[in-house]
Amino acid sequence: MSGRIVKRTISFPPKPLKPLPLRVFLFSLLAAAFLFAGAGCGKTGEYNRYSDSFFGTFDTVVQVVAYARDRQEFEGYYNQIQARFQRLHQLYDTYNDYEGINNLKTVNDRAGKEPVKVDREIIDLLLFAREWHQKTPGQTNIALGPVLKIWHDYRAEGLSNPEKARLPSREELARAAGHTDLDRVIIDEAAGTVYLPDSNMRLDVGAVAKGFATELVAREMMAAGMKSGLISAGGNVRAIGKPLDGKRDRWAIGVQNPDESIAGEEPLVDAIYVNDAAIVTSGDYQRYYIVDGRPYHHIIDPKTLMPAEYYRAVTVVAPDAGVADYLSTELFLLPLEESMALAESLEGVEALWIMKDGSKKFTTGMGQVLKSQGAGSQ
Ligand code: ADP
Ligand code: MG
(Lines give C-alpha, C1' and ligand atoms only; values in the text may rest on other atoms or scores of the structure.)
(Ligands and ions follow the chains in the order given, each with its own letter.)
Protein backbone atom coordinates (compact mmCIF):
# COMPACT_ATOMS: atom_id res chain seq x y z
CA MET A 1 0.00 0.00 0.00
CA SER A 2 1.05 3.55 -0.45
CA GLY A 3 -0.31 7.03 -0.47
CA ARG A 4 -2.67 6.56 2.39
CA ILE A 5 -2.46 9.31 4.93
CA VAL A 6 -4.32 9.62 8.17
CA LYS A 7 -5.76 12.84 9.52
CA ARG A 8 -3.74 14.28 12.31
CA THR A 9 -5.11 15.70 15.43
CA ILE A 10 -3.07 18.50 16.86
CA SER A 11 -4.14 22.06 16.36
CA PHE A 12 -2.63 25.40 15.58
CA PRO A 13 -1.67 27.72 17.26
CA PRO A 14 1.38 26.29 18.95
CA LYS A 15 1.33 25.78 22.68
CA PRO A 16 4.89 24.72 23.31
CA LEU A 17 4.47 23.69 26.92
CA LYS A 18 1.60 21.28 26.46
CA PRO A 19 2.65 17.66 26.03
CA LEU A 20 0.90 15.71 23.32
CA PRO A 21 -1.99 13.66 24.67
CA LEU A 22 -1.11 9.98 24.49
CA ARG A 23 -3.79 9.13 21.96
CA VAL A 24 -2.57 11.89 19.69
CA PHE A 25 0.95 10.62 19.97
CA LEU A 26 -0.08 7.06 19.31
CA PHE A 27 -2.13 8.20 16.42
CA SER A 28 0.75 10.06 14.91
CA LEU A 29 2.78 6.89 15.04
CA LEU A 30 -0.05 5.10 13.36
CA ALA A 31 -0.27 7.82 10.73
CA ALA A 32 3.43 7.54 10.14
CA ALA A 33 3.08 3.77 9.84
CA PHE A 34 0.49 4.20 7.12
CA LEU A 35 2.63 6.71 5.36
CA PHE A 36 5.86 4.84 5.50
CA ALA A 37 4.49 1.37 4.91
CA GLY A 38 4.96 1.87 1.21
CA ALA A 39 8.25 3.74 1.29
CA GLY A 40 10.61 2.51 -1.38
CA CYS A 41 7.95 0.52 -3.20
CA GLY A 42 5.52 1.68 -5.85
CA LYS A 43 8.22 2.11 -8.44
CA THR A 44 6.57 2.42 -11.81
CA GLY A 45 8.37 3.52 -14.89
CA GLU A 46 9.98 6.82 -14.17
CA TYR A 47 8.37 7.57 -10.79
CA ASN A 48 9.25 6.41 -7.29
CA ARG A 49 7.33 7.08 -4.12
CA TYR A 50 9.14 9.00 -1.39
CA SER A 51 7.95 10.24 1.99
CA ASP A 52 9.26 12.13 4.97
CA SER A 53 7.95 14.27 7.80
CA PHE A 54 9.00 17.04 10.14
CA PHE A 55 7.73 18.44 13.42
CA GLY A 56 7.84 21.94 14.83
CA THR A 57 5.51 24.02 12.70
CA PHE A 58 1.85 24.70 13.53
CA ASP A 59 2.23 22.46 16.58
CA THR A 60 1.92 19.39 14.43
CA VAL A 61 3.70 16.90 12.21
CA VAL A 62 3.83 17.81 8.54
CA GLN A 63 3.95 14.70 6.40
CA VAL A 64 4.95 14.76 2.76
CA VAL A 65 4.48 12.00 0.20
CA ALA A 66 5.49 12.50 -3.40
CA TYR A 67 6.05 10.53 -6.55
CA ALA A 68 9.26 11.86 -8.08
CA ARG A 69 11.86 10.74 -10.60
CA ASP A 70 14.58 10.37 -8.00
CA ARG A 71 15.44 11.15 -4.40
CA GLN A 72 17.12 14.39 -5.33
CA GLU A 73 13.93 15.70 -6.92
CA PHE A 74 11.94 14.66 -3.84
CA GLU A 75 14.40 16.31 -1.48
CA GLY A 76 14.17 19.55 -3.42
CA TYR A 77 10.40 19.60 -2.85
CA TYR A 78 10.66 18.45 0.73
CA ASN A 79 13.21 21.10 1.71
CA GLN A 80 11.15 23.83 0.09
CA ILE A 81 7.99 22.62 1.86
CA GLN A 82 9.76 22.61 5.21
CA ALA A 83 11.24 26.09 4.72
CA ARG A 84 7.90 27.55 3.68
CA PHE A 85 6.01 25.98 6.59
CA GLN A 86 8.64 27.36 8.96
CA ARG A 87 8.24 30.86 7.60
CA LEU A 88 4.41 30.75 7.56
CA HIS A 89 4.36 29.32 11.07
CA GLN A 90 6.38 32.28 12.30
CA LEU A 91 4.13 34.78 10.54
CA TYR A 92 0.87 33.24 11.81
CA ASP A 93 2.12 32.56 15.33
CA THR A 94 0.15 34.39 18.05
CA TYR A 95 2.25 33.05 20.94
CA ASN A 96 5.91 33.74 20.13
CA ASP A 97 8.07 36.62 18.92
CA TYR A 98 10.74 36.16 16.26
CA GLU A 99 13.69 38.44 15.74
CA GLY A 100 13.04 40.92 12.94
CA ILE A 101 9.52 39.67 12.12
CA ASN A 102 6.17 41.36 12.65
CA ASN A 103 3.75 38.48 13.09
CA LEU A 104 0.20 38.08 14.40
CA LYS A 105 1.49 38.26 17.96
CA THR A 106 2.92 41.68 17.12
CA VAL A 107 -0.50 42.72 15.79
CA ASN A 108 -2.20 41.51 18.98
CA ASP A 109 0.43 43.14 21.22
CA ARG A 110 -0.08 46.51 19.50
CA ALA A 111 -3.88 46.41 19.76
CA GLY A 112 -5.20 49.85 20.66
CA LYS A 113 -1.76 51.36 20.02
CA GLU A 114 -0.79 51.37 16.34
CA PRO A 115 -1.09 49.65 12.97
CA VAL A 116 1.57 47.02 12.30
CA LYS A 117 3.34 46.58 8.98
CA VAL A 118 3.12 42.91 8.01
CA ASP A 119 4.01 40.56 5.15
CA ARG A 120 1.57 39.95 2.33
CA GLU A 121 0.91 36.41 3.57
CA ILE A 122 -0.63 37.84 6.75
CA ILE A 123 -2.80 40.33 4.88
CA ASP A 124 -3.95 37.55 2.53
CA LEU A 125 -4.86 35.21 5.40
CA LEU A 126 -6.89 37.91 7.19
CA LEU A 127 -8.70 39.00 4.00
CA PHE A 128 -9.45 35.36 3.24
CA ALA A 129 -10.90 34.73 6.70
CA ARG A 130 -12.98 37.89 6.55
CA GLU A 131 -14.30 37.08 3.07
CA TRP A 132 -15.47 33.63 4.17
CA HIS A 133 -16.92 35.04 7.37
CA GLN A 134 -19.04 37.32 5.19
CA LYS A 135 -20.15 34.70 2.69
CA THR A 136 -21.16 32.08 5.27
CA PRO A 137 -23.30 32.35 8.43
CA GLY A 138 -20.05 33.60 10.01
CA GLN A 139 -19.73 31.40 13.08
CA THR A 140 -15.99 31.22 12.45
CA ASN A 141 -14.55 34.55 13.52
CA ILE A 142 -10.80 35.16 13.72
CA ALA A 143 -11.51 38.16 15.99
CA LEU A 144 -12.96 35.84 18.64
CA GLY A 145 -9.48 35.84 20.22
CA PRO A 146 -10.45 37.32 23.63
CA VAL A 147 -13.01 34.53 24.18
CA LEU A 148 -10.73 31.81 22.81
CA LYS A 149 -7.88 32.98 25.03
CA ILE A 150 -10.03 32.48 28.12
CA TRP A 151 -10.86 28.91 27.03
CA HIS A 152 -7.22 28.32 26.12
CA ASP A 153 -6.01 29.44 29.55
CA TYR A 154 -8.61 27.42 31.48
CA ARG A 155 -7.82 24.37 29.34
CA ALA A 156 -4.07 24.73 29.87
CA GLU A 157 -4.63 25.02 33.61
CA GLY A 158 -7.06 22.08 33.64
CA LEU A 159 -4.63 19.89 31.71
CA SER A 160 -1.68 20.62 33.94
CA ASN A 161 -3.76 20.40 37.12
CA PRO A 162 -6.73 18.09 36.39
CA GLU A 163 -8.17 18.10 39.90
CA LYS A 164 -8.44 21.87 39.76
CA ALA A 165 -9.98 22.05 36.25
CA ARG A 166 -12.68 24.73 36.10
CA LEU A 167 -14.97 26.35 33.56
CA PRO A 168 -14.77 30.06 32.83
CA SER A 169 -17.70 32.08 34.16
CA ARG A 170 -20.44 33.37 31.87
CA GLU A 171 -19.61 36.93 32.92
CA GLU A 172 -15.95 36.57 32.03
CA LEU A 173 -16.83 35.12 28.61
CA ALA A 174 -19.53 37.72 27.94
CA ARG A 175 -17.16 40.56 28.80
CA ALA A 176 -14.57 39.22 26.36
CA ALA A 177 -17.24 38.77 23.68
CA GLY A 178 -17.72 42.54 23.67
CA HIS A 179 -14.37 42.87 21.86
CA THR A 180 -14.75 40.42 18.98
CA ASP A 181 -16.14 42.45 16.10
CA LEU A 182 -14.30 41.34 12.95
CA ASP A 183 -15.55 44.42 11.06
CA ARG A 184 -13.47 46.58 13.38
CA VAL A 185 -10.20 44.93 12.33
CA ILE A 186 -8.52 47.45 10.04
CA ILE A 187 -6.67 45.78 7.17
CA ASP A 188 -4.97 48.39 5.00
CA GLU A 189 -3.91 46.55 1.87
CA ALA A 190 -2.19 49.55 0.28
CA ALA A 191 -0.14 50.33 3.37
CA GLY A 192 0.34 46.64 4.18
CA THR A 193 -0.77 47.14 7.79
CA VAL A 194 -3.18 45.58 10.27
CA TYR A 195 -4.64 47.40 13.24
CA LEU A 196 -6.85 46.30 16.11
CA PRO A 197 -8.39 49.58 17.27
CA ASP A 198 -9.37 48.33 20.75
CA SER A 199 -6.69 47.18 23.18
CA ASN A 200 -8.88 44.24 24.24
CA MET A 201 -9.16 42.87 20.71
CA ARG A 202 -7.12 39.82 19.70
CA LEU A 203 -6.83 37.69 16.58
CA ASP A 204 -6.91 33.87 16.77
CA VAL A 205 -6.33 32.20 13.41
CA GLY A 206 -6.36 28.62 14.71
CA ALA A 207 -9.41 27.77 12.62
CA VAL A 208 -7.87 28.74 9.29
CA ALA A 209 -4.09 29.22 9.35
CA LYS A 210 -2.97 25.61 8.95
CA GLY A 211 -5.18 25.01 5.94
CA PHE A 212 -4.36 28.38 4.41
CA ALA A 213 -0.63 27.72 4.82
CA THR A 214 -1.01 24.21 3.39
CA GLU A 215 -2.71 25.61 0.30
CA LEU A 216 -0.05 28.28 -0.22
CA VAL A 217 2.69 25.67 0.03
CA ALA A 218 0.87 23.18 -2.21
CA ARG A 219 0.47 25.79 -4.95
CA GLU A 220 4.12 26.77 -4.70
CA MET A 221 5.11 23.13 -4.99
CA MET A 222 2.95 22.63 -8.06
CA ALA A 223 4.63 25.68 -9.59
CA ALA A 224 7.99 24.12 -8.69
CA GLY A 225 7.07 21.00 -10.69
CA MET A 226 5.61 18.63 -8.09
CA LYS A 227 3.04 16.59 -10.00
CA SER A 228 1.91 13.98 -7.53
CA GLY A 229 1.90 14.11 -3.77
CA LEU A 230 0.23 14.64 -0.43
CA ILE A 231 1.00 17.34 2.09
CA SER A 232 -0.60 16.75 5.47
CA ALA A 233 -0.40 19.33 8.25
CA GLY A 234 -2.29 18.26 11.34
CA GLY A 235 -5.53 17.02 9.84
CA ASN A 236 -5.20 19.32 6.85
CA VAL A 237 -4.43 17.14 3.86
CA ARG A 238 -3.79 18.53 0.37
CA ALA A 239 -3.57 16.08 -2.51
CA ILE A 240 -1.67 17.13 -5.61
CA GLY A 241 -2.47 15.23 -8.79
CA LYS A 242 -3.01 11.48 -8.52
CA PRO A 243 -0.70 8.73 -7.25
CA LEU A 244 1.76 7.95 -10.05
CA ASP A 245 2.09 4.28 -9.16
CA GLY A 246 0.57 3.16 -12.42
CA LYS A 247 -2.31 1.53 -10.54
CA ARG A 248 -4.49 4.02 -8.75
CA ASP A 249 -6.31 7.08 -10.01
CA ARG A 250 -7.10 8.51 -6.59
CA TRP A 251 -5.49 8.95 -3.22
CA ALA A 252 -7.07 7.31 -0.19
CA ILE A 253 -7.37 9.57 2.85
CA GLY A 254 -8.44 7.97 6.12
CA VAL A 255 -11.12 9.56 8.31
CA GLN A 256 -10.16 9.19 11.94
CA ASN A 257 -12.49 7.63 14.46
CA PRO A 258 -13.38 10.40 16.94
CA ASP A 259 -13.92 7.85 19.66
CA GLU A 260 -12.82 4.31 20.44
CA SER A 261 -16.42 3.59 21.39
CA ILE A 262 -17.52 4.08 17.78
CA ALA A 263 -17.13 1.33 15.19
CA GLY A 264 -15.47 -1.16 17.53
CA GLU A 265 -12.34 0.85 18.21
CA GLU A 266 -11.21 0.96 14.61
CA PRO A 267 -8.75 3.82 14.16
CA LEU A 268 -10.49 4.89 10.95
CA VAL A 269 -14.22 5.15 10.37
CA ASP A 270 -14.00 5.60 6.62
CA ALA A 271 -11.77 6.62 3.73
CA ILE A 272 -12.19 9.30 1.09
CA TYR A 273 -10.86 8.86 -2.47
CA VAL A 274 -9.82 12.07 -4.22
CA ASN A 275 -7.37 13.80 -6.56
CA ASP A 276 -6.28 17.43 -6.57
CA ALA A 277 -8.30 18.28 -3.48
CA ALA A 278 -8.01 19.12 0.19
CA ILE A 279 -9.52 17.12 3.04
CA VAL A 280 -9.77 18.75 6.47
CA THR A 281 -11.39 17.59 9.71
CA SER A 282 -12.54 19.49 12.79
CA GLY A 283 -13.38 17.33 15.76
CA ASP A 284 -14.28 17.55 19.42
CA TYR A 285 -11.55 15.00 20.23
CA GLN A 286 -8.67 17.08 18.91
CA ARG A 287 -8.11 19.34 21.90
CA TYR A 288 -10.08 19.28 25.10
CA TYR A 289 -9.99 19.14 28.88
CA ILE A 290 -12.21 17.52 31.46
CA VAL A 291 -14.25 19.32 34.13
CA ASP A 292 -16.32 17.25 36.56
CA GLY A 293 -15.99 14.22 34.30
CA ARG A 294 -17.17 16.05 31.17
CA PRO A 295 -14.98 16.94 28.18
CA TYR A 296 -14.90 20.55 26.95
CA HIS A 297 -13.33 20.92 23.52
CA HIS A 298 -11.77 23.80 21.61
CA ILE A 299 -14.28 24.85 18.95
CA ILE A 300 -16.38 27.59 20.48
CA ASP A 301 -19.90 28.54 19.43
CA PRO A 302 -19.92 32.35 19.26
CA LYS A 303 -23.60 32.39 20.27
CA THR A 304 -23.28 30.42 23.49
CA LEU A 305 -19.53 31.09 24.03
CA MET A 306 -19.34 27.38 24.92
CA PRO A 307 -17.95 24.39 22.97
CA ALA A 308 -20.32 23.55 20.09
CA GLU A 309 -22.58 20.59 20.77
CA TYR A 310 -23.72 19.32 17.39
CA TYR A 311 -21.18 16.72 16.23
CA ARG A 312 -18.14 14.61 17.06
CA ALA A 313 -16.41 15.64 13.83
CA VAL A 314 -16.90 17.23 10.43
CA THR A 315 -14.70 16.43 7.43
CA VAL A 316 -14.70 18.71 4.39
CA VAL A 317 -13.45 18.07 0.87
CA ALA A 318 -12.77 21.23 -1.18
CA PRO A 319 -10.45 22.24 -4.01
CA ASP A 320 -8.52 24.52 -1.64
CA ALA A 321 -7.09 23.60 1.80
CA GLY A 322 -7.76 27.09 3.20
CA VAL A 323 -11.42 26.82 2.24
CA ALA A 324 -11.64 23.28 3.59
CA ASP A 325 -10.13 24.38 6.93
CA TYR A 326 -12.42 27.40 7.23
CA LEU A 327 -15.45 25.29 6.40
CA SER A 328 -14.58 22.38 8.67
CA THR A 329 -14.84 24.78 11.59
CA GLU A 330 -17.88 26.62 10.21
CA LEU A 331 -19.88 23.45 9.47
CA PHE A 332 -18.97 22.12 12.94
CA LEU A 333 -20.58 25.26 14.41
CA LEU A 334 -23.93 25.01 12.57
CA PRO A 335 -26.91 22.74 13.23
CA LEU A 336 -27.21 19.91 10.69
CA GLU A 337 -29.88 21.37 8.43
CA GLU A 338 -28.02 24.66 8.07
CA SER A 339 -24.64 22.97 7.93
CA MET A 340 -25.78 20.58 5.18
CA ALA A 341 -27.44 23.42 3.23
CA LEU A 342 -24.23 25.48 3.35
CA ALA A 343 -22.07 22.56 2.18
CA GLU A 344 -24.48 21.67 -0.64
CA SER A 345 -24.61 25.31 -1.78
CA LEU A 346 -20.85 25.60 -2.36
CA GLU A 347 -19.35 24.46 -5.66
CA GLY A 348 -16.76 21.70 -5.25
CA VAL A 349 -17.38 21.34 -1.50
CA GLU A 350 -18.45 18.06 0.10
CA ALA A 351 -18.84 17.20 3.76
CA LEU A 352 -19.14 14.28 6.16
CA TRP A 353 -20.63 14.75 9.65
CA ILE A 354 -20.00 12.24 12.41
CA MET A 355 -22.91 12.60 14.77
CA LYS A 356 -22.83 12.20 18.55
CA ASP A 357 -24.14 8.63 18.27
CA GLY A 358 -21.43 7.73 15.74
CA SER A 359 -23.76 7.71 12.75
CA LYS A 360 -22.68 9.47 9.55
CA LYS A 361 -24.39 12.10 7.41
CA PHE A 362 -22.90 13.27 4.14
CA THR A 363 -23.54 15.43 1.11
CA THR A 364 -24.54 13.71 -2.13
CA GLY A 365 -21.10 14.22 -3.66
CA MET A 366 -19.34 12.94 -0.54
CA GLY A 367 -21.35 9.72 -0.85
CA GLN A 368 -19.62 9.14 -4.22
CA VAL A 369 -16.10 9.27 -2.79
CA LEU A 370 -16.56 7.40 0.52
CA LYS A 371 -15.18 3.89 0.86
CA SER A 372 -18.19 2.90 2.97
CA GLN A 373 -20.43 3.84 0.05
CA GLY A 374 -18.50 1.72 -2.43
CA ALA A 375 -15.89 4.18 -3.76
CA GLY A 376 -12.36 3.01 -4.51
CA SER A 377 -9.04 4.13 -5.95
CA GLN A 378 -10.01 3.74 -9.61
P1 ADP B 1 -7.90 22.17 14.41
O2 ADP B 1 -7.10 23.42 14.30
O3 ADP B 1 -7.83 21.52 15.75
O4 ADP B 1 -7.62 21.23 13.31
P5 ADP B 1 -10.17 23.78 13.64
O6 ADP B 1 -9.71 24.09 12.26
O7 ADP B 1 -11.62 23.52 13.77
O8 ADP B 1 -9.42 22.56 14.27
O9 ADP B 1 -9.75 25.03 14.52
C10 ADP B 1 -9.97 25.08 15.89
C11 ADP B 1 -9.28 26.31 16.43
O12 ADP B 1 -9.93 27.46 15.93
C13 ADP B 1 -9.33 26.46 17.95
O14 ADP B 1 -8.23 25.87 18.57
C15 ADP B 1 -9.33 27.97 18.13
O16 ADP B 1 -8.01 28.46 18.04
C17 ADP B 1 -10.08 28.45 16.92
N18 ADP B 1 -11.54 28.62 17.11
C19 ADP B 1 -12.39 27.96 17.94
N20 ADP B 1 -13.65 28.40 17.81
C21 ADP B 1 -13.62 29.37 16.86
C22 ADP B 1 -14.59 30.22 16.27
N23 ADP B 1 -15.89 30.18 16.61
N24 ADP B 1 -14.15 31.11 15.33
C25 ADP B 1 -12.86 31.19 14.98
N26 ADP B 1 -11.90 30.41 15.50
C27 ADP B 1 -12.26 29.51 16.41
MG1 MG C 1 -10.76 24.75 10.55
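Conventions used here
- Residues numbered from 1 in each chain as written.
- Chains lettered and ligands numbered in written order.
- Predicted model: local features only at pLDDT ≥ 70, side-chain atom pairs only at ≥ 80, totals over all residues.
- Heavy atoms only, no water.
- Donors = N, O, S within 2.8 Å, 3.2 Å for Na, K, Ca; no water.
- Buried < 20%, exposed > 50% of the residue type's maximum accessible area, 1.4 Å probe, protein only.
- Pairing = 2+ DSSP bridges.
- Helix = DSSP H or I, 4+ residues; strand = E, 2+ residues; numbered from the N terminus.
- Axes fitted to C-alpha atoms, helices over the stretch in contact; angles between N-to-C directions.
- Contact = heavy atoms within 4.5 Å.
- Core = buried A, V, L, I, M, F, W, Y, C linked by side-chain atoms within 4.5 Å.
- Phe/Tyr/Trp six-rings, centres within 6.5 Å; stacked < 30°, edge-to-face > 60°.
- Lys NZ or Arg CZ within 6 Å of the ring centre and 35° of its normal.

A. Region of interest: the coordination of the magnesium ion (ligand 2). Protein coordination of the magnesium ion (ligand 2) is provided by Ala207 (O), Asp325 (O), Asp325 (OD) and Thr329 (OG1), with donor distances spanning 2.2 to 2.5 Å. Exposure remark for Asp325: the relative accessible area of 5% places this residue in the buried category. Look at Thr329 and you get buried, because its relative accessible area is 9%.

B. A look at the sheet that holds strand β18 (residues 360-362). A sheet is described by the order of its strands in space; here 8 strands give the open sequence β2-β3-β7-β8-β11-β16-β17-β18, paired in antiparallel fashion. The open sheet has two edge strands with one neighbour each: β2 (48-57) and β18. Between one strand axis and the next, the sheet turns by 15° as a mean value, whatever way the strands run. In this sheet, β18 lies alongside strand β17 (residues 350-355) in antiparallel orientation, the contact comprising 3 bridges. Residue pairing for β18: Ile354 is matched across the bridge by Lys360. Of the strands in this sheet, β3 (60-68), β7 (229-233) and β8 (236-240) are in contact with helix α7 (residues 209-223), which crosses β8 at around 20°.

C. Highlighting the pairing of strand β16 (residues 311-318). Counting buried residues in β16 gives 8 out of 8 residues, a clear majority hidden from the surface. The sheet contact formed by strand β11 (residues 278-283) and β16 spans 6 bridges and is antiparallel. Considered in β16, the bridge of Ala278 is made with Ala318. For β16 and β17, the ladder comprises 6 bridges, and the chain directions are antiparallel. Bridge pairing in β17 links Tyr311 to Met355.

D. Molecular detail of the nonpolar core. If you look at the biggest cluster of nonpolar residues, it comprises 74 residues, and the most contacted ones within it are Phe85, Tyr92 and Ile231. Looking at this core element by element, the count peaks at 8 residues for helix α2 (residues 71-92). In terms of nonpolar packing, the next biggest core, distinct from the first, is built from 22 residues, Ile253, Ile272, Val274 and Leu370 among them.

E. Summary view of the packing of aromatic side chains. Counted under the stated rule, the structure contains 12 aromatic pairs. Consider the rings of Phe54 and Tyr78, whose centres lie 5.9 Å apart with planes at 75°: the pair is edge-to-face. Of this pair, Phe54 sits in strand β2 while Tyr78 sits in helix α2, and the two are 24 residues apart along the sequence. With a relative accessible area of 7%, Tyr78 lands in the buried category. Centre to centre, the rings of Trp151 and Tyr296 are 6.5 Å apart; their planes meet at 20°, and the pair counts as stacked. Of this pair, Trp151 sits in helix α5 (residues 145-160) while Tyr296 sits in strand β13 (residues 294-297), and the two are 145 residues apart along the sequence. Overall, the relative accessible area of 2% leaves Trp151 in the buried class. Here Tyr296 falls in the buried class, since its relative accessible area comes to 9%. Here the guanidinium or amino end of Lys135 rests over the ring plane of Trp132, the centre of that ring lying 4.1 Å away.

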